[in-house]
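Spelled out from the first residue to the last, the chains are:
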Amino acid sequence: MQLAAASSGLRGTQPLRLTAAPVRCWRNPDPVGCERTGFTVCGEENLRGSSAALHLQLRRCSRVPPLTGIPECDVVCDQGSKVSVMTGAEAEEDIPLGDRKTITDFCYLLDKSKQLFNGLRDLPQYGHKQWQSYFGRTFDVYTKLWKFQQQHRQVLDSRYGLKRWQIGEVASKIGQLYYHYYLRTSETSYLNEAFSFYSAIRQRSYYYQVNKEDRPELVVKKLRYYARYIVVCLLLNKMDLVKVLVKELSEEIEEYTQRFNTEDQLEWNLVLQEVAAFIVADPVVVLNDNNSVVITSNRMLEGSAPPLEQGMVVGQLVLADALIVGNCNNQVKFSELTVDMFRMLQALEREPVNLATQTSKQGTLEPSEKPAKRENPHKYLLYKPTFSQLFTFLSASFKELPANSVLLVYLSATGVFPAGHSDYEAFPAGPYDFGGVLTNTNRDVVNGEMVQKRNQAQKEMHCLHPGDLFPFTRKPLFLIVDSSNSSAYKNFSNLFGQPLVSLLSPTVYPKTVQDPSQQGSLFTLFLYSPLLAFSSICGLNSIRQGLWEQAQEFLCKVFRDIGQMITRSRTIDQAFLQFFGDEFLRLILIRFVFCSAVLRLHKLFRESRSFPESYPELPKQETVESSLLQRHILDLAAMLDVHNLFWDDSLETY
């Protein structure tokens, strides 16, 4: 696991190094770092090992004041004014007792905050309650520290020599706390809180004077701040700001490496390359009338999932946990968050709501009450986990899954095929005979020998086989596999009678379709943004905003019809209906049907291996090959002027 990433989790998540996503990785919760050189973006403040958590009724709303509450007059401090720092016994005698107490109290709060912040690395990586009280204490101390430096700024400036970059460090850590709380809870509202702190640091130039100091470690703090800020902006789809921040970061890196001739230049340049590739990963852009790119969000909005028909009886299961696993070779990534992981992460979240919504008379933003119920499923983001790590997180999620809840497992990984077999039908259909998807091999060394030298009769060790998931089918399981060997997972057996569905990607794509291992998989793109994927396979590079909105509105009607096809079918497996009550799962199922129908009609997709599959199988005539759905697809193609790419008389042409 090279650059550590952003993972996320309600109950236990992992650490991350430079990747939001957002979001959370099992190794290093801080957004930027590189294991090869020991360089990490968070340095001593690196939060190692974060845990997943219950939905903590965080006392933060009343504890951590918004950064916007800082009086703007604080910008004056440290800009040319001469400060006298308290040093030695003689200086102490000249300082009034009250000021000395202020400095002592400030130093105590500062040390205590650092101690608690650094202690976050020792929290368990998963579990409901282990981290909550510690996290609350950390928020408490940073709240007191922040208010204290506001109230005693003049004394701290003149007597202690408080620097603006030190104020920026406190604000940055509060931003990190909000960000990591998002990673642990999947509550997107806290991304906005992190953004407000990071944004104010930049607006108030807290790190401006750092470049004038002959201390490279301070400049690195500034670079790390930029990297964290970029991660949060990516997760909030603030792409215009990301481009500005990347430009500023590039200039800062260039100045840093020229001034100090450091050895970490390659690592910082890699950070720039990764985020630059991430920004352009989407294959299609939406343009307004001025030919400017319009940023579209693909998180769930109110009404995104088609409503259930009145009187329709479906399951009451709720998606509670999701494991998002990324292990594709050479796929675009930012830190340890691949494009596929990033897209699936957003597909399982609602659009963020800013908690700071009310302006007080003093002009400060007061955070509103946090929603009573959790809006999003808890998530773990695991980038290139080993089998033991993946199994550990699966077990933790399974153990803590509430009643009437669903565990979703998303696997975006390189396929592992059984040794010596090119044809599944040529050997017994055991749960360990089909291969699976790759897990981290730890350099392929096991007991001192290369894995490739093992007896071919043995099963691949660094692989998640279908049989490995059997124990977790004792509870409702929703599986999505995006891999060149996804078909291995259609050989499931529902041993325990619990709801179980597997959605499986195509295993072969036409040569004319862009290599899915680079810019992200087409299958995941359909689950994330069906119109983006549809436009991509039609060769469109850009779409006008008006046409995009018209097509999105048309897709809403198509999705309502697909939902009715599923619920009205008399032959569909009941497992699909049991998951259909949850809005996230309902939308994923509908998008899966749409994807399957589109690829079956597209002239480039002729092999059966180029079509998605599912377990249990969907009734094709009533869903993916429905004449009504095919007509909708042709109408959409005509709307986008790509009708010639699809078979019009599709049923006979097959």
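A brief report on the enclosed structure follows. The shown structure was predicted, so the numbers you read here are calculated from the model rather than taken from an experiment.

## A look at the overall build of the chain
Stage number 1. A tally of helices and strands in the chain yields 19 helices and 20 strands.
Stage number 2. For the chain, the accessible area works out to roughly 26,900 Å², and carbon and sulfur atoms hold 49% of it.

## What about helix α15 (residues 545-568)?
Stage number 1. Taking 1.5 Å as the rise per residue, α15 with 24 residues should run 34 Å; its terminal C-alpha atoms sit 35 Å apart, in good agreement.
Stage number 2. Buried-residue contacts for α15 involve β3 (285-287), α14 (530-537), β19 (542-544), α16 (574-579), α17 (583-601) and α18 (627-639).

## Notes on the pairing of strand β5 (residues 318-327)
Stage number 1. The buried fraction of β5 amounts to nine of the ten residues, a majority that puts the element mostly inside the structure.
Stage number 2. In the sheet, β5 pairs with strand β10 (residues 378-383) via six bridges, with the strands oriented parallel. Residue pairing for β10: L323 is matched across the bridge by Y380.

## Digging into the packing of aromatic side chains
Stage number 1. The full count for this structure, using the stated rule, is 30 aromatic pairs.
Stage number 2. For the ring pair F278 and F342, a centre distance of 5.1 Å and an interplane angle of 80° mean the geometry is edge-to-face. Residue F278 is found in helix α9 (residues 265-279), and its partner F342 is found in helix α10 (residues 339-347); the two are separated by 64 residues along the sequence. We note that F278, like F342, is buried.
Stage number 3. One aromatic cluster is present, formed by F135, F139, W146, Y178, Y181, Y190 and F197 through successive ring pairs.
Stage number 4. K475 extends its terminal NZ or CZ atom over the ring of F398, reaching a point 4.6 Å from the ring centre.
Stage number 5. The ring of F580 has R586 lying over it, and the distance from NZ or CZ to the ring centre is 5.9 Å.

So, how was this worked out
- Residues numbered from 1 in each chain as written.
- Predicted model: local features only at pLDDT ≥ 70, side-chain atom pairs only at ≥ 80, totals over all residues.
- Heavy atoms only, no water.
- Helix = DSSP H or I, 4+ residues; strand = E, 2+ residues; numbered from the N terminus.
- Areas by Shrake-Rupley, 256 points an atom, 1.4 Å probe, with all protein chains shown as cover.
- Expected span 1.5 Å × (residues − 1).
- Contact = heavy atoms within 4.5 Å.
- Buried < 20%, exposed > 50% of the residue type's maximum accessible area, 1.4 Å probe, protein only.
- Pairing = 2+ DSSP bridges.
- Phe/Tyr/Trp six-rings, centres within 6.5 Å; stacked < 30°, edge-to-face > 60°.
- Lys NZ or Arg CZ within 6 Å of the ring centre and 35° of its normal.

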